[in-house]
Each structure stands twice: as structure tokens, then as C-alpha cells.
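Coordinate inspection notes
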Amino acid sequence: MKRTAHQGTASAYRAPRWLPGGHVQTIYPAKCIATPATPLRRERWNAPDGDFVDVDFVEGRPGMPFVVLFHGLEGSSNSHYSRALMAHLHSLGWSGAVPHFRGCSGEMNLAPRFYHSGDATEIDWLLRRLKTTPAATGASDYFAVGVSLGGNALLRWLGESQHSAGIIDAACAVSAPLDLAAGGAALSSGFNLIYTRMFLQTLKPKCLQKLTQFPGLFDRDKLLAARDLYAFDNIVTAPLHGYRDTNDYWNRASARHVLGDITIPTLVLNARNDPFLPARNLPARAAAAVTLEYPDTGGHVGFADGSLPGRLDWLPRRIVDFLQHRSAAHG
């Protein structure tokens, strides 16, 4: 397949002057900007392996589009980006769903596994199951969005599935760690360690709960001693999900390998000042169906706009704008 650097041109993002730098643009939107409360309805589904998955729905009008959002590492339907997108969809009369990765819905999952950046199999069954729900079967379009880890997993599914991904009409991946090794290295030093510590503060307690379910599943002492994601993935993520070690996981699960294989209209949106992935590691080439949009600012899933105290509506509007136009062009 021909590869091209297909750059996005519409709605270019620029951070407000009062919000300087990638770290502030990452932390402030997540912690300091109010997010609207949108009524969600939860369903619990049985997974193919006997586990369960909780899915939160926002109800729209019949005949309008349906959007599935896959959240990031330790995210949920309550994450700032989830709430912002679901609120925007609700205002448009669209329907949406946020399926929670294993152990992220507020209750520990049952299987001897969690979730990971390359889980195309999980994305596949969730999208196919969601496609059969009443809101999706009556929808005009069926879209998928992934944020951070969820974005990487969605891209892996798109690339691995190729034309079989045609069950969706268009997709967006926001702030995806396209090169996991480069991202992992970036999060292992300096100020970026604040993000690593934040993740480990919730990951480690979950793992201790998992050890009460499955004693000996992994080494408890090594888990408690882990100080970065490389060590954590070596002890937990890689062995639990079929990878040899962290290096094997970070290499094989990285979405950068499959960007040339995607056939569905897809937006890849990453800020060049995202602390989670250095700009030098952003892929310059992808399939013709892929739009690479790399604004200079925005942080990691930040993209705040407006005057103080700021708003979170730029990202939902950009996502919807791309999905609408690309779906129409593709159709």
C-alpha cells in the first residue's frame, strides 16, 4: 500500500497564551477545568473469557451517529476527555459508549489479566458487540475514538484488521503512544516521573487485589519495588498478556508499525509537546486513509481553549468534525 504523509489542515489547535508548556497543557485540563456531568447508563457484559466488562452509554436520538470511546491508562468514563466528548455528543443528539478496560470501572475484574496497549482482540470484540446494540444498529454512522493507551490499541486493531475494520465508518486516535519504547523512556526521567508515579499509585493497589484472587500470579516484592513503567510492565503487563518481557511488549504493541496498513479514514492527533511521546518519535508516514495531525501545542490529551479558566470543547469538536467529514467522503 502506498504510504503518504497526509497532514490534517482544518481546525489547527493553538494553546491559549495563559497555558504555557506541555506539562501545564497536560495537567491543567485534567485537574482544573470543570467537566459537564452527562447522564450515563451502565451495562455489564460477559466477556468471552468468562470475565466481565462494564460499558457506559449516553443516549442520543435514533438515526444519529454512534461513537465508541476507548479510554487511556487508568482512565474511565469519568476521565475529563470522556466527560467532555460524551457531553458534546449528548448536545448533538448523538449516542455514545465508553467500554471500560478490565479493572477500570470501579470494580476488580475476575480474570488473571488486566489490559494493555496492543489489545486489538479486546477492541475487536467490544466494537462488534457494541455494533449489535439498539443504539448502534439504528445509527446513521458507527465511529470509534481512542485516547492515549486506548488510541494505540484502536490503531493496532485498525492496522491488523485492515478491510475487516470496515464495521466502523471512521476513527480518531488522540495522544496515542505510537512508539511505546520512546514513550516509556520519556516517562522514566525528570519531571515526567510525576506521571509515572500517578499511574503506579493506582496500578499497584489493583495488582495487590489481583494477587488475592490469584496468589503467585506475579512477584509481589518486585511489584512493590517497581519505580517506573518499564519495571511494572516487565513484572505484570508483559507476562500476563502473552509478551516475553517489556521490550517485546513495547515493540510488538506499538501502533507505529501498522499505520501503513489502515484502510478506514482515521485521524491521528498528537501534540508535538506531549510529554508522553517526544516529537522526534512521531511517525512521518502512514497509509493514505490516515490523517496525521501534529499541532505544536496541546500536551497529552489537553487541548484546552478559551480564556481563563478554560474549556475542554476544542477536542470534542475536532473529533466530531473529522468523523463527519471523513465518513461522508468515505461513503
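Keep in mind the model is a prediction, meaning the values are calculated, not measured.

Before going further, it helps to examine the side chain of R318. Inspection of the secondary structure assignment puts R318 in helix α11 (residues 314-330). When its relative accessible area of 5% is taken as the criterion, R318 is described as buried. In terms of polar contacts, R318 uses its side chain to reach the side chain of D321, at 3.2 Å.

The next point concerns the side chain of D51. Residue placement: D51 occurs in the loop between β2 (41-46) and β3 (52-58). A polar contact is formed between the side chain of D51 and the backbone nitrogen of L110, at a distance of 2.7 Å. The residues contacting D51, other than those within four sequence positions of it, are W45, N46, R102, N109, L110 and A111.

This paragraph deals with the packing of aromatic side chains. Per the counting criterion, the structure on display carries 15 aromatic pairs. Their ring planes at 50° and their centres at 6.3 Å tell us that W45 and F57 sit as a pair that is tilted. One end of the pair, W45, is in strand β2; the other, F57, is in strand β3, with 12 residues separating them in the sequence. Comparing W45 with F57, the two get one shared label, buried. Between the aromatic rings of F66 and Y142, the centroid separation amounts to 5.8 Å while the plane-to-plane angle is 35°, which identifies the pairing as tilted. Of the two residues, F66 sits in strand β4 (residues 66-70) while Y142 sits in strand β6 (residues 142-147), which places them 76 residues apart along the sequence. For the residue pair F66 and Y142, the accessibility class agrees, reading buried in each case. Among the aromatic residues, ring-to-ring pairing joins F191, Y195, F199 and F276 into one connected group. The ring of W45 carries R129 above its face, with NZ or CZ at 4.1 Å from the centroid. The ring of F114 has K210 lying over it, and the distance from NZ or CZ to the ring centre is 5.2 Å.

Before going further, it helps to examine the nonpolar core. Ranked by size, the top nonpolar core spans 72 residues in total, and within it L127, L155, W157, L158 and I168 carry the most contacts. Excluding residues that lie within four positions of it along the chain, L127 makes contacts with V68, F70, Y142, A144, L154, W157, I167 and I168. Counting 28 residues, the second-largest nonpolar core is a separate cluster that includes W94, C172, F303 and W314.

Walk down a regular strand and you will see the side chains alternate between the two sheet faces. With five of five residues buried, strand β7 (residues 170-174) is to be regarded as a mostly interior element. With five bridges connecting them, β6 and β7 associate as parallel partners. From the neighbouring strand, V147 faces β7, where its bridge partner is V174. In this fold, the crossover linking β6 to β7 by way of helix α5 (residues 149-161) has right-handed handedness. Pairing of β7 with strand β8 (residues 266-269) involves four bridges; the strand directions are parallel. Among the inter-strand pairings, A171 is bridged to a residue of β8, identified as T266.

Calculation rules
Per chain, the residues get numbers from 1 upward, laid out in the order the sequence is written. Since the coordinates come from a predicted model, pLDDT governs what is reported: local features require at least 70, and pairs of side-chain atoms require 80 or more to be given and counted, while whole-chain, interface and lining totals use all residues. Side-chain measures here rest on the full set of heavy atoms in the structure, leaving out hydrogens and waters. Helix and strand definitions follow DSSP, with helices as H or I runs of at least four residues and strands as E runs of at least two, each counted in order from the N terminus. Throughout, exposure labels follow a simple rule: accessible area from a 1.4 Å probe, protein chains only, divided by the maximum for the residue type, with under 20% read as buried, over 50% as exposed, and the rest as partly exposed. N or O atoms closer than or at 3.5 Å make up a polar contact, with two conditions inside protein: a donor-capable atom paired with an acceptor-capable one, and, for residues adjacent in sequence, both atoms drawn from side chains. Contacts between residues were defined by any pair of non-hydrogen atoms, one from each residue, lying within 4.5 Å. Ring pairs are drawn from Phe, Tyr and Trp, using the six-membered ring of Trp, whenever the two centres fall within 6.5 Å, and their geometry is named by plane angle: stacked under 30 degrees, edge-to-face over 60, tilted for the rest. Charge-over-ring contacts are defined here by two conditions on Lys NZ or Arg CZ: a distance within 6 Å of the ring centre and an angle within 35 degrees of the ring normal. To form a nonpolar core, buried Ala, Val, Leu, Ile, Met, Phe, Trp, Tyr and Cys residues must be joined to one another through side-chain atoms within 4.5 Å. Paired strands are those between which DSSP finds at least two bridges. Whether a crossover is right-handed comes down to one check: with the strands pointing away from the viewer, does the path from the first strand over the helix to the second run clockwise; if it does, it is right-handed.

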